[in-house]
Amino acid sequence: MEYRQIIKDAWNFTQSNKRLVTWYAFLPALITTIYSLGYFIYQYFAFANSSLFSEEDKNTLMIILKEVYGFLKDSPKLIGPTIAIAIFLTIMYVFYPIIAQGALIQLIARKRNNQPVRLISGISYGLKSFLKLFEYSLVIRAFSVTAVLTEGAFVLRNLGVEALQFLLPVLGLLILIGIFLGFIFTYSELFIVIDKEGVFKSMRSSTALVVDHWQHTILILILLFIIGLRVILNIVMVLIIPLLIFTGVGLAATAALGYIGYAIGGLIALIGLYFSGYLGGTLTVFSNAVWVFTFLELTENGETSARQKESSSEE
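Definitions and limits used
Residues numbered from 1 in each chain as written. Predicted model: local features only at pLDDT ≥ 70, side-chain atom pairs only at ≥ 80, totals over all residues. Heavy atoms only, no water. Helix = DSSP H or I, 4+ residues; strand = E, 2+ residues; numbered from the N terminus. Contact = heavy atoms within 4.5 Å. Areas by Shrake-Rupley, 256 points an atom, 1.4 Å probe, with all protein chains shown as cover. Core = buried A, V, L, I, M, F, W, Y, C linked by side-chain atoms within 4.5 Å. Buried < 20%, exposed > 50% of the residue type's maximum accessible area, 1.4 Å probe, protein only. Lys, Arg positive; Asp, Glu negative; His and termini not counted. Salt bridge = Lys/Arg side-chain N within 4 Å of Asp/Glu carboxyl O. Phe/Tyr/Trp six-rings, centres within 6.5 Å; stacked < 30°, edge-to-face > 60°. Expected span 1.5 Å × (residues − 1). Patch = residues over 30% accessible without salt bridge, like charges linked within 9 Å, V, L, I, M, F, W, Y side chains within 5 Å. Axes fitted to C-alpha atoms, helices over the stretch in contact; angles between N-to-C directions. Parallel < 35°, antiparallel > 145°, perpendicular 65-115°, else oblique. Nonpolar A, V, L, I, M, F, W, Y, C, P; charged D, E, K, R; others polar. Polar contact = N/O pair within 3.5 Å; in protein donor to acceptor, adjacent residues only side chain to side chain. Bend = angle between axes of the 7 residues up to and from the residue.

K.L.:
Please clarify how the overall build of the protein chain should be interpreted in this entry.
P.N.:
When you go through the protein chain residue by residue, the secondary structure sums to 13 helices and zero strands. Going residue by residue from the N terminus, the α and β elements of the protein chain occur as α-α-α-α-α-α-α-α-α-α-α-α-α. Expressed as a percentage of contacts within the protein chain between residues at least 6 apart in sequence, the contacts between residues at least 24 apart total 73%. Split by element, the accessible area of the protein chain, about 20100 Å² in all, is 68% carbon and sulfur.

K.L.:
Help me out: how do you make sense of the nonpolar core in this one?
P.N.:
Grouped burial of nonpolar side chains is what soluble globular proteins tend to show. Judged by nonpolar contacts, the single largest core of 49 residues is most densely connected at Leu20, Tyr24, Ile108, Tyr187, Val290, Val292 and Phe293. With 10 residues, the top contributor of residues to this core is helix 13 (residues 259-298). With eight residues, the next largest nonpolar core counts Val148, Ala153, Leu156 and Leu171 among its residues.

K.L.:
I tried to follow the environment of Ile177 on my own but got confused; where do I start?
P.N.:
The topology assignment puts Ile177 in helix 9 (residues 161-184). Separated by 32 residues in sequence, Ile177 and Val145 have C-alpha atoms that sit 9.6 Å apart.

K.L.:
Quick question: what am I supposed to make of the side chain of Glu197 here?
P.N.:
Among the structural elements, Glu197 can be located in the loop between helix 10 (188-193) and helix 11 (199-212). Of the buried charged residues, Glu197 lacks a salt bridge, with Lys201 as the closest side chain of opposite charge at 4.6 Å. Sequence-distant contacts of Glu197, that is, excluding residues within four places in its chain, are made with Lys132, Phe191, Ile192, Ser202 and Ser205.

K.L.:
I keep staring at the pattern of salt bridges and nothing clicks. Help me out?
P.N.:
Where charged atoms of side chains with opposite charge meet at close range, the side chains can pair. Counting across every chain of the model gives one salt bridge. One salt bridge connects Arg112 with Asp9, and the closest N-O pair in it is separated by 3.6 Å. With Arg112 in helix 6 (residues 96-112) and Asp9 in helix 1 (residues 3-16), this residue pair connects regions lying 103 residues apart in the sequence. On the accessibility criterion, Arg112 (33% relative accessible area) is partly exposed.

K.L.:
I would appreciate a short explanation of the packing of aromatic side chains in the present structure.
P.N.:
Geometrically, a pair of aromatic rings is defined through the distance of the ring centres and the angle of the planes. One pass over the structure, following the stated rule, counts 13 aromatic pairs. Taking the centre distance of 4.8 Å and the plane angle of 90° together, the rings of Phe191 and Phe295 count as edge-to-face. Note that Phe191 is positioned in helix 10 and Phe295 in helix 13, a separation of 104 residues in sequence. The pair Phe191 / Phe295 is uniform in exposure class, with both members buried.

K.L.:
Whenever I open this one, helix 8 (residues 145-159) confuses me. Can you help?
P.N.:
Every α-helical turn comprises 3.6 residues, leaving residues that sit three or four positions apart pointing alike. Taking 1.5 Å per residue as the helical rise, helix 8 with its 15 residues ought to reach 21 Å, and the 21 Å between its terminal C-alpha atoms agrees with that figure. For helix 8, the full list of buried residues reads Val148, Gly152, Ala153, Val155, Leu156 and Arg157. Looking at the buried residues of helix 8, the elements they touch are helix 3 (26-48) and helix 9. Phi for Gly160, located one or two positions after helix 8, is positive at around 100°.

K.L.:
Sorry, what's going on with a nonpolar patch on the surface here?
P.N.:
Where nonpolar side chains cluster on the molecular surface, the patch consists of Ile79, Ile83, Ile87, Ile91 and Phe95 and spans about 410 Å² of accessible area. By the secondary structure assignment, Ile91 is in helix 5 (residues 79-94). When its relative accessible area of 42% is taken as the criterion, Ile91 is described as partly exposed.

K.L.:
In this structure, what is going on with the packing of helix 3 against helix 4 (residues 60-74)? I would like to understand it.
P.N.:
The axes of two packed helices give the description: the angle between them and the distance between them. Interaxial distance between helix 3 and helix 4 falls to 9 Å at its minimum, and their mutual angle equals 110°. As summarised for this structure, helix 3 and helix 4 are arranged roughly perpendicular, according to the angle between their axes. Across from Tyr42, Phe45 and Ala46 in helix 3, the residues of helix 4 making contact are Thr60, Leu61 and Ile64. Classifying every residue of the contact of helix 3 with helix 4 gives five nonpolar, one polar and no charged.

K.L.:
Help me out: how do you make sense of the side chain of Thr217 in this one?
P.N.:
The residue Thr217 is located in helix 12 (residues 214-257) in this model. One polar contact links Thr217 to Tyr187, side chain to side chain, over a distance of 2.8 Å. Apart from the residues within four sequence positions on either side, Thr217 is in contact with Phe183, Thr186, Tyr187, Val210 and Trp291.

K.L.:
How do you make sense of helix 9 when you look at a structure like this?
P.N.:
The terminal C-alpha atoms of helix 9, which comprises 24 residues, lie 34 Å apart, in line with the 34 Å expected from a rise of 1.5 Å per residue. At Leu167, helix 9 is bent by approximately 50°, the largest bend along its length, and proline Pro169 sits one to four residues beyond. Three or more residues of helix 9 are buried, namely Ala163, Leu164, Leu171, Gly178, Leu181 and Ile184. If you follow the buried residues of helix 9, they end up packed against helix 7 (121-141), helix 8 and helix 11.

Shape descriptors only; they carry no functional weight alone.
Below you can see the structure in the form of structure tokens.
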């Protein structure tokens with residue numbers, strides 16, 4: 001397998017299919033970025049209000065709910081729009097990234113095989129594979145690093161340092177299990193979307209494929225990890241710099257500019273989010289293209305039986 005050629009082909013594919021980034025990668029990446037920011041902000045205030053850093057242990061979630069309730073109570077006309085927006089955002093967060101993932105895999109595979117395909121067909125492809133991908137995400141999400149770290153943070157806030165130290169080996173084991181499962185199930189989504197296999201059958205097929213070609217899979221993972229680090233660094237810089245500028249402008253606005261300063265700071269933050277979504281979307285299409293190209297090549301001839309005779313053999 002020519003790793004450099006696969007990486008090169010995947011990058012050229014990403015550059016020549018910008019509309020894939022726009023419709024099926026940019027918005028999911030933006031949603032993930034906003035969710036991650038909200039998650040870290042919540043964790044920060046949850047720890048700040050906990051008994052670890054505060055004399056009085058406060059429930060951050062209840063504080064947020066009380067603030068929302070007070071706001072809606074004072075503005076009853078906004079109850080309907082607020083509920084509608086909340087439902088819309090929940091649907092977008094839960095459903096759209098999975099639909100977009102199914103669409104991306106199908107479109108990339110079909111374009112790779114030179115099949116005539118329209119961009120809008122990705123919606124149909126995504127919807128057809130949604131239930132299986134959603135079920136797979138539920139199965140694998142419990143062992144994700146984020147889930148384990150969230151559990152560890154919950155234990156630390158509510159039970160203290162000693163409880164965390166006691167459970168640390170268990171949490172560490174769960175992280176190792178999650179990494180291992182993520183490795184052997186590398187191709188599960190591809191089997192689900194491309195070969196239309198069931199969830200557990202796709203997990204078995206992925207495990208067999210990884211075992212047969214573990215060298216290729218590890219090398220591709222390392223290459224994508226290195227490339228991903230650079231993109232993540234760019235995203236972080238794009239987010240941190242506007243955040244610093246926004247903070248500075250916000251402080252200046254309180255003294256001089258007023259609402260204009262806040263508007264400028266908000267605009268800068270939105271620009272930062274846009275670029276982070278664009279970079280994340282580009283990485284999403286590129287990494288999916290790498291895995292799809294690798295998957296198609298590894299499964300092209302199927303598994304060779306020991307009984308199968310070749311025209312020539314190597315000593």
